[in-house]
Amino acid sequence: MMDQNFLHLNPSTAWSRRQRGFGLVELMISITIGLVIVAALVALFLGTSRNNRQMATANSVIENGRFAIQLLENDIVHAGFWGTHVPQFDNQTFEDVPLDVPASLPDPCLAYTAPNWNAAYVNSAIGIPAQAYDAASVCGSVVTDMLANTDMLVIRHAATCAPGDVGCETEPAGTAGKLYIQSTRCNSEATPYVFGLHGTATFDLTQRDCTTPAEKRSFVSNIYYVRDYAVTAGDGIPTLVRSEFDLVGGVLAHQAPVPLIEGIDAIRFEFGIDNVSPTGAAVDYTTAINWVDPVLKTRATNRGDGIPDGNFIRCTTATPCTAAQLMNATAIRIYVLARSREPTTGYTDTKTYTLGSTTVPAFNDGFKRHVYSTTVRLPNISGRRERP
């Protein structure tokens, strides 16, 4: 039989065998496994961060480009809207020789004074609601710090709401000193429209009943271009900006541009010109409208049909657009070159970008870019020329 004193004589031996710690080899293995796990977690974190940055970069390019296209399109579709007024040359119900054919392009940045904004100038501004240039020289006092190798666009129309309407001016009569246009709907009134300052011009035209005062709407003129900074000159962020025609400090003129969308490297605009009639003959406003069938009046031999003819054209300093071309513009093609907000490490942009008839050379920097384009129909012009 085992001696009972044996256990009592060696208690430390049993406990010491149970309480033995890690040896050096085991400790080194544990540290190695831990380092491998930490390295894997760091790699996973870096990979996830890199993917998130790349996704944010791609999203910024998409966001900037699509927003710029949408913003420009939303204004362009209103070009040539003058309430109920339709210029004679664009009105296919007007049977005589039109008297309001624009003789020249209006100065897009001319500040308002009654002598400068005479009947001929107003006639051109109404008849040519969209203009474009590839340099800021035409509007040097307004279009400042314009980025090279890009375009500026001028869009004119009447406000889409009348004073007193929801979202429009709160003063029902209008704001003193601002420009308004009022057009008649009464057949017995000889004056087609009144264009002038509230408080100076007499807005006495009426609705179809020849009694109710016609709506008057404020004059809208917007200039879009890309300048070489966003907020602070020299910050290096190309930004789409807009200058609005407004009354500030008693001066009615285009105001200082306001930044809209950062990360826009270039914009281009090309015009679709409707200068051929449905019969194939050239548009001619020096004669009265001539119908192929005077009874049905479905096709005119000397008026447009609202569809652009031939290639779209870009207005440049070397080849400027003429009044005859832009008064017949029925569509505008927009090109936007958008870039990411931040450069991508290890990436160099060596690509060239085609914007319509022109090509933008490689930037050779770390920003990612993408071209967006769309064609915008000018419904207020093309719609008047369409026949059933």
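Our subject is the structure listed above.
Within each chain, residue numbers correspond to sequence positions counted from 1 in written order. Two thresholds apply to this predicted model, a pLDDT of at least 70 for residue-level local features and 80 or more for giving and counting side-chain atom pairs, whereas whole-chain, interface and lining totals are computed over all residues. For the side-chain quantities, the full set of heavy atoms in the structure was used; hydrogens and water were omitted.

(A) Local environment of unusual backbone geometry. Non-glycine residue cysteine 210 carries a positive phi angle of around 60°. The way it works is that DSSP assigns letters per residue, a run of H or I at least four long becomes a helix, a run of E at least two long becomes a strand, and they are numbered from the N terminus. The topology assignment puts cysteine 210 in the loop between strand 4 (193-197) and strand 5 (216-227). Only protein chains enter the area calculation, which uses a 1.4 Å probe; residues under 20% of their type maximum are buried, those over 50% are exposed, and those in between are partly exposed. By relative accessible area, which is 34% here, cysteine 210 ends up partly exposed. The phi torsion at lysine 297 lies on the positive side, around 55°, for a residue other than glycine. Examined against the element boundaries, lysine 297 turns out to sit in the loop between strand 9 (264-273) and strand 10 (313-314). The exposure class of lysine 297 is partly exposed, given its relative accessible area of 30%.

(B) Highlighting a nonpolar patch on the surface. A residue counts toward a patch only above 30% relative accessible area and without a salt bridge, and it is joined to like-charged neighbours within 9 Å or, for Val, Leu, Ile, Met, Phe, Trp and Tyr, to nonpolar neighbours within 5 Å. Here the accessible surface of atoms and residues is derived via Shrake-Rupley with a 1.4 Å probe, and residues count as covered only by protein chains that are part of the display. When a carboxyl oxygen of Asp or Glu lies within 4 Å of a side-chain nitrogen of Lys or Arg, that pair is called a salt bridge. On the surface, a cluster of nonpolar side chains totalling about 600 Å² of accessible area is made up of Val25, Ile29, Ile33, Ile37, Leu41 and Leu44. Taking relative accessible area as the criterion, isoleucine 29 reaches 47% and is therefore assigned partly exposed.

(C) Spatial organisation of the state of the cysteines. Any two cysteine sulfur atoms lying within 2.5 Å of each other are counted as a disulfide. Overall, the coordinates contain four disulfides when judged by the stated rule. A sulfur-sulfur separation of 2.5 Å characterises the disulfide bridge that pairs cysteine 161 with cysteine 168. Where cysteine 161 bonds to cysteine 168 through sulfur, the torsion about that S-S bond is close to 85°, and the disulfide is right-handed. The pair formed by cysteine 161 and cysteine 168 is uniform in burial state, with each residue classed as buried.

(D) Region of the structure containing the packing of aromatic side chains. Pairing of aromatic rings covers Phe, Tyr and Trp, the last counted by its six-membered ring, and requires centre-to-centre distances within 6.5 Å; plane angles under 30 degrees mean stacked, over 60 mean edge-to-face, and any other angle means tilted. A complete count under the given rule lists nine aromatic pairs for this structure. A centroid spacing of 5.6 Å and a plane angle of 90° characterise the contact between tryptophan 117 and phenylalanine 219, whose relative ring orientation is edge-to-face. Taken as a pair, tryptophan 117 in the loop between helix 3 (24-76) and helix 4 (119-127) and phenylalanine 219 in strand 5 lie far apart in primary sequence, 102 residues in all. Across the pair, exposure class does not vary: tryptophan 117 and phenylalanine 219 are buried alike.

(E) Summary view of the pairing of strand 11 (residues 329-339). Burial analysis of strand 11 places ten of its eleven residues in the buried class, the great majority of the element. As paired elements, strand 9 and strand 11 share nine bridges and run antiparallel to each other. Pairing of arginine 268 across the sheet is with tyrosine 335, part of strand 11. Criterion used throughout: strands pair if DSSP finds at least two bridges between them.

(F) How the structure looks around the pattern of salt bridges. With the rule as written, the count across this model stands at 13 salt bridges. For aspartate 274, the salt bridge is made with arginine 385, and the minimal N-O distance between the two is 3.2 Å. Taken together, the positions of aspartate 274 in the loop between strand 9 and strand 10 and arginine 385 in helix 6 (residues 379-385) put the pair 111 residues apart, joining distant regions of the chain. Given a relative accessible area of 0%, aspartate 274 falls into the buried group. Given a relative accessible area of 2%, arginine 385 falls into the buried group. Put simply, Asp90, Asp274, Arg384 and Arg385 are held in one network by salt bridges that share partners.

(G) Region of the structure containing the environment of arginine 227. With respect to the secondary-structure elements, arginine 227 resides in strand 5. A relative accessible area of 6% means that arginine 227 is categorised as buried. Distance in space between the C-alpha atoms of arginine 227 and glutamate 270 is 20 Å, their sequence separation being 43 residues. Note on contacts: a residue pair qualifies if any of its non-hydrogen atoms lie within 4.5 Å across the two residues. Setting aside anything within four residues of it in sequence, one finds arginine 227 in contact with Thr144, Asp145, Met146, Leu147, Ile237, Pro238, Thr239, Val241, Pro257 and Pro259. Throughout this description, a polar contact denotes any pair of N or O atoms lying within 3.5 Å of each other; where both atoms belong to protein, one of them has to be capable of donating a hydrogen while the other can accept it, and for residues adjacent in sequence the pair is counted only when both atoms sit in side chains. In this structure the side chain of arginine 227 is engaged in a polar contact, spanning 3.1 Å, whose partner is the backbone oxygen of tyrosine 229. Only 2.6 Å separates the side chain of arginine 227 from the backbone oxygen of alanine 230, close enough to count as a polar contact.

(H) View of a negative patch on the surface. The sign given to each residue is positive for Lys and Arg and negative for Asp and Glu; His and the chain ends receive no count. Every charge is mapped to an atom, namely NZ of Lys, CZ of Arg, CG of Asp or CD of Glu. Residues Asp145, Asp228, Asp235 and Glu262 make up a contiguous surface patch of negative charge. In this fold, aspartate 145 is placed in the loop between strand 1 (130-133) and strand 2 (152-158).

(I) Focus on the nonpolar core. Judged by nonpolar contacts, the single largest core of 38 residues is most densely connected at Ile76, Ile264 and Phe271. Elements supplying a minimum of two residues to this core: helix 3, strand 1, strand 2, strand 5, strand 9, helix 5 (323-326), strand 11 and strand 14 (369-377). Among the elements that take part in this core, helix 3 stands out by supplying six residues, more than any other. To define a nonpolar core, start from buried Ala, Val, Leu, Ile, Met, Phe, Trp, Tyr and Cys residues and group those joined through side-chain atoms within 4.5 Å. Listed in part, the 17 residues of the second largest apolar core include Trp117, Leu197, Phe245 and Leu252.

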